[in-house]
Amino acid sequence: MKKHNISQVKGEAKWMLKYAKHYWGAILLYCVLGVLATVMGLAGSVMSKYLIDIVTGYDTKAIGWVVSLMIAMGIGNIVLNAITSRATVLISTKVYNEIQAEIYDRVMEADWESLYEYRSGDLINRLTGDVKTVSDSVISWFPSLITKGAQFLGALVIILYYDPTMAVIALLSAPVSVLMSRVILSKMRKYSQELRKASSEVITYQEDSFQNIQTIKCFGIVDFFEKGMRNVQQKYKDLMMDYNKMSITATSLLSFTGMLVSYGCLGWGVYRLWKGAIIFGTLTLFIQLANSLSSSFSSLISLVPQAVSATTSAGRIMSVSEIKPEPVIEEETAQKIKENSSKGLEIRIENIDFTYKGGEKVLSNVNLLAKSGNIVAIVGPSGEGKTTIMRIILGLINPQSGKSVMRDNLGNECALSAATREMFSYVPQGNTIFADTIVKNMRMVKNDATDEEIIAALKTACAYDFVKKLPEGINTIIGENGQGLSEGQAQRISIARAVLRDAPVILLDEATSALDVDTEEKVLKNIIKKDSKKICIVTTHRPSVLDICERVYRINKTNFEEIKK
Ligand SMILES: Nc1ncnc2c1ncn2[C@@H]1O[C@H](COP(=O)(O)OP(=O)(O)OP(=O)(O)O)[C@@H](O)[C@H]1O
Ligand SMILES: [Mg+2]
């Protein structure tokens, strides 16, 4: 393997070890259980030697204790298996949940723009498939190494005791196997990475299709998507078959070596029996031990692809956990400003430039001022940067130059970032209703809100008239993407949610675009009338809104022009 690959794998293994350390006690218990099972298995082999010796008449006195011990070991094995299975499920689920929760938190707290590079289907696949692979390996890989290693060594020691020459024959397969696993290691890693990528593609394709099923049906392109689905599946299958071909070649060669060694041992045992050097029972013991040796060796070898697959998955999870977290700056000042917000606030944007990663300049030298009690409008053609300026105000993205700050009336000032976001109520463009009841959608932003407060907010957004007519009122369940509501109704619930949050600044991004002119005016007037200390920033294509605004900015090819002061 190449050097940088080796250091990458080391990093991934170290990362997995970090989780393994949390569960070292459980892993130790697991090792003890495994070793116990191995000892019992080996003891069983020795027992059967005695049993055969009894049957063939060499030693008939021991029948009583040999049979009792064999029964006891059989029962012991069943108990051990039950304990091991229970421990496996408990621990691997714990590790799975721990890693998944940690990565989920990282995604939720990640820098918004950096997260944009990942498709949600891919993220889901990493959080489920890859986390499962890693959590299974964390709990099983090391104990397997210990137990299979113990089985291998145990069998070898017993063979050595009875017949050193046979031990040498048994070990002949080792160098061949070690050499082969080195050769296929880097190939396996490449396939493993491609397979994970292909499985992410399948999930992303399905997720996209389900999200847009209405569009797909309406355009009559169901066939196209069904074919597309089969194409991504085919790609996955082709990769799987290639990987399988490589792994069959490797295992066949390994099995062939194992077979030769087994026959070698058997031949040697028969020869010794023929020469009268050993008795029947010992030959049976040798056959069993030779099998035990070769099976434990194959298990040890199979830990190699398992490690490759686990480290590949670990790498995929690590890259998500390494996404830059959102910077939280000047938290203390932001807190002070929040406490003083009732005395008046202002949002000041001065000479900012902004370009999305790899995109063209969206905003250049832009200025904007919004003070408490102001309704400020941003107008302009589609795709010119209205939503972008909202994202800057919310601190979701940071301008490359210039200043974007919030100030209170006591002279405290801090940059707009995740720390100032608490002071905003935001109604984003598009449908942002969660698939849950109306009341739960509302309480998401204020979990101690009473039903009365919720109803009052719905009334402010002119939504209560239709909500009260729904079969379950505010407890009506809304489907995915606001299913069950019209576009304008969903918009009004989004607005009501922002009103309920009751933050000092309210941002409405085309939030009233689906409403008729009268309702739009009524909603906006309601929001503003409610509290004259609020700042309200709206983006709109509607001239009717502009009459009630104190200040209006028009975007003109990356520049802001103040058209109403
Ligand atoms: N996440 C993003 N990554 C890269 N470029 C983006 C991203 N979001 C928007 N853009 C680009 O930035 C420009 C401004 O987009 P923005 O969404 O701010 O426009 P808008 O004025 O809100 O348009 P509309 O009226 O259609 O909502 C567009 O050219 C768009 O392609
Ligand atoms: Mg927009």
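Chains are numbered independently. Their residues run from 1 in the order of the written sequence. As a convention, the first chain written is A and the first ligand written is 1, with the rest following in written order. Whole-chain, interface and lining totals are the exception, using all residues; otherwise, since this is a predicted model, local features are given only for residues with pLDDT of at least 70 and side-chain atom pairs are given and counted only at 80 or more. Computation of side-chain values covers all heavy atoms of the structure but excludes hydrogens and water.

Colleague: In this structure, what is going on with the sheet that holds strand 4 (residues 401–408)? I would like to understand it.
Modeller: At least two DSSP bridges between two strands are needed for those strands to be called paired. Each helix is a run of DSSP H or I of at least 4 residues and each strand a run of E of at least 2, with the numbering of both proceeding from the N terminus. Strand order in this open sheet of four strands is 2-1-4-5, and the pairing throughout is antiparallel. Looking at strand neighbours, the two that pair on one side only are strand 2 (361–371) and strand 5 (413–415), the edges of this open sheet. Taking each pair of neighbouring strands and ignoring which way they run, the sheet shows an average axis angle of 20°. As paired elements, strand 4 and strand 5 share three bridges and run antiparallel to each other. Across the sheet, residue Arg 407 finds its bridge partner in strand 5, namely Glu 413. It only takes one pair of heavy atoms within 4.5 Å for two residues to be counted as in contact. Convention adopted: a line fitted to C-alpha atoms gives each axis, helices being fitted over their contacting stretch, and angles between N-to-C directions are expressed from 0 to 180 degrees. Packing of helix 12 (residues 386–393) onto the sheet brings it into contact with strand 1 (345–355), strand 2 and strand 4, and relative to strand 1 it is tilted by some 120°.

Colleague: Got a minute to help me understand the domain arrangement of the protein chain in this structure?
Modeller: One widely used convention gives an interface's size as the accessible area the parts lose upon coming together. Domain assignment breaks the protein chain into domain 1 (22–195 + 244–321) and domain 2 (331–564). For domain 1 versus domain 2, the separation of C-alpha centres amounts to 59 Å. In this description, buried area is defined as the sum, over both parts, of the accessible area (probe of 1.4 Å) that is lost when the two are combined. Of all residues in domain 1, Trp 112, Glu 113 and Glu 117 bury the most surface against domain 2, accounting for 86% of the area lost on that side. For this analysis, a salt bridge means a side-chain nitrogen from Lys or Arg found within 4 Å of a carboxyl oxygen belonging to Asp or Glu. At the surface where domain 1 touches domain 2, the tally comes to one salt bridge. Polar contact is defined as a pair of N or O atoms within 3.5 Å, subject to the rule that within protein one atom must be able to donate a hydrogen and the other to accept it, and that residues adjacent in sequence are counted only when both atoms are side-chain atoms. Connecting domain 1 to domain 2 are two residue pairs in polar contact (both at pLDDT 80 or more). Asp, Glu, Lys and Arg are counted as charged, while Ala, Val, Leu, Ile, Met, Phe, Trp, Tyr, Cys and Pro are counted as nonpolar; the rest, among them Gly, fall into the polar class. Split into classes, the residues belonging to the side of domain 1 that touches domain 2 amount to one nonpolar, one polar and three charged. The start and end points of each domain follow an automatic or database-based domain assignment.

Colleague: Looking at this structure, I do not really get a nonpolar patch on the surface. What am I missing?
Modeller: What goes into a patch is any residue over 30% in relative accessible area without a salt bridge, connected to like charges within 9 Å or, for nonpolar side chains (Val, Leu, Ile, Met, Phe, Trp, Tyr), within 5 Å. Accessible areas in this description were obtained via Shrake-Rupley with a 1.4 Å probe; residue shielding takes into account the shown protein chains only. Together, Phe 256, Met 259, Leu 260, Tyr 263, Leu 266, Val 270 and Ile 287 make up an exposed nonpolar region whose accessible area comes to about 640 Å². Here the nonpolar patch gets six residues from one element, more than from any other, and that element is helix 9 (residues 222–274). Within the secondary structure, Phe 256 sits in helix 9.

Colleague: I keep staring at unusual backbone geometry and nothing clicks. Help me out?
Modeller: For residues besides glycine, phi is generally negative; the peptide bonds are generally trans as well. Its identity is not glycine, yet Glu 330 carries a phi of approximately 45°, on the positive side. A residue is classified by how much of its surface remains accessible, and Glu 330, at 38% relative accessible area, is partly exposed. At Asn 481, a position not held by glycine, the phi torsion is positive, near 55°. Throughout, exposure labels follow a simple rule: accessible area from a 1.4 Å probe, protein chains only, divided by the maximum for the residue type, with under 20% read as buried, over 50% as exposed, and the rest as partly exposed. The partly exposed category is assigned to Asn 481, whose relative accessible area is 43%.

Colleague: Hey, could you run me through the packing of helix 2 (residues 24–55) against helix 10 (residues 280–321) in this one?
Modeller: Geometrically, a packed helix pair is captured by the angle between its two axes and the distance between the axes. Two elements in contact, helix 2 and helix 10, have axes separated by 7 Å at closest approach and are oriented at 155°. Classified by the interaxial angle, the pair formed by helix 2 and helix 10 is roughly antiparallel. Where helix 2 crosses over helix 10, the two elements pack in a sense that is right-handed. Judged by residue contacts, Leu 42, Ser 45, Val 46, Ser 48, Lys 49, Ile 52 and Asp 53 of helix 2 engage Phe 280, Gly 281, Thr 282, Thr 284, Leu 285, Gln 288, Leu 289 and Ser 292 from helix 10. Looking at the contact of helix 2 with helix 10, its residues break down into six nonpolar, seven polar and two charged. Our angle categories are set so that under 35 degrees counts as roughly parallel, over 145 as roughly antiparallel, 65 to 115 as roughly perpendicular, and the remainder as oblique. Crossings are classed by handedness, with left-handed meaning an anticlockwise turn of the near helix from the far one by less than a right angle and right-handed meaning a clockwise turn.

Colleague: Can you walk me through the nonpolar core in this structure?
Modeller: By convention a nonpolar core is built from buried Ala, Val, Leu, Ile, Met, Phe, Trp, Tyr and Cys residues, the set being connected through side-chain atoms within 4.5 Å. Membership of the largest hydrophobic core comes to 42 residues, with the highest contact counts inside it found for Met 442, Leu 458, Val 467, Ile 495 and Leu 508. Tallying contributions element by element places helix 16 (residues 487–501) first for this core, with seven residues. If near-sequence neighbours (up to four positions away) are discounted, Leu 508 is found in contact with Met 390, Val 427, Leu 524, Ile 527, Cys 536, Ile 537, Val 538 and Thr 539. Core analysis: the second largest hydrophobic core is formed by 35 residues, Met 390, Ile 393, Ile 397 and Met 423 among them.

Colleague: Explain the packing of aromatic side chains here, please?
Modeller: A ring pair, where both rings are aromatic, is described by two values, the distance of the centres and the angle of the planes. Between the rings of Phe, Tyr and Trp (Trp by its six-membered ring), a pair exists once the centres lie within 6.5 Å; its type follows the angle of the planes, with under 30 degrees stacked, over 60 edge-to-face, and the other angles tilted. Under the definition given, this model contains eleven aromatic pairs. Considering the side-chain rings of Tyr 553 and Phe 560, the 5.9 Å spacing of their centres and the 35° angle between planes classify their relative orientation as tilted. In this structure Phe 560 comes out as buried when scored by relative accessible area, which is 14%. Connected via pairs of aromatic rings, a cluster forms that spans Tyr 161, Tyr 162 and Phe 286.

Colleague: I would appreciate a short explanation of the site of ligand 1 in the present structure.
Modeller: Near ligand 1, the surroundings consist of 15 residues, among which Ser 382, Gly 383, Lys 386, Thr 387 and Thr 388 are the closest. Between ligand 1 and the protein, one listed contact pairs an oxygen atom with a backbone N or O atom of Gly 383 at 2.7 Å. Taken by itself ligand 1 offers 630 Å² of open surface, and the protein chains cover 69% of this. When residues of the shell around ligand 1 are assigned to their parent elements, the largest contribution, four residues, is made by helix 12. Taken together, the residues of the shell around ligand 1 break down into four nonpolar, seven polar and four charged. We call a residue near a given molecule or strand whenever any one of its heavy atoms falls within 4 Å of it.

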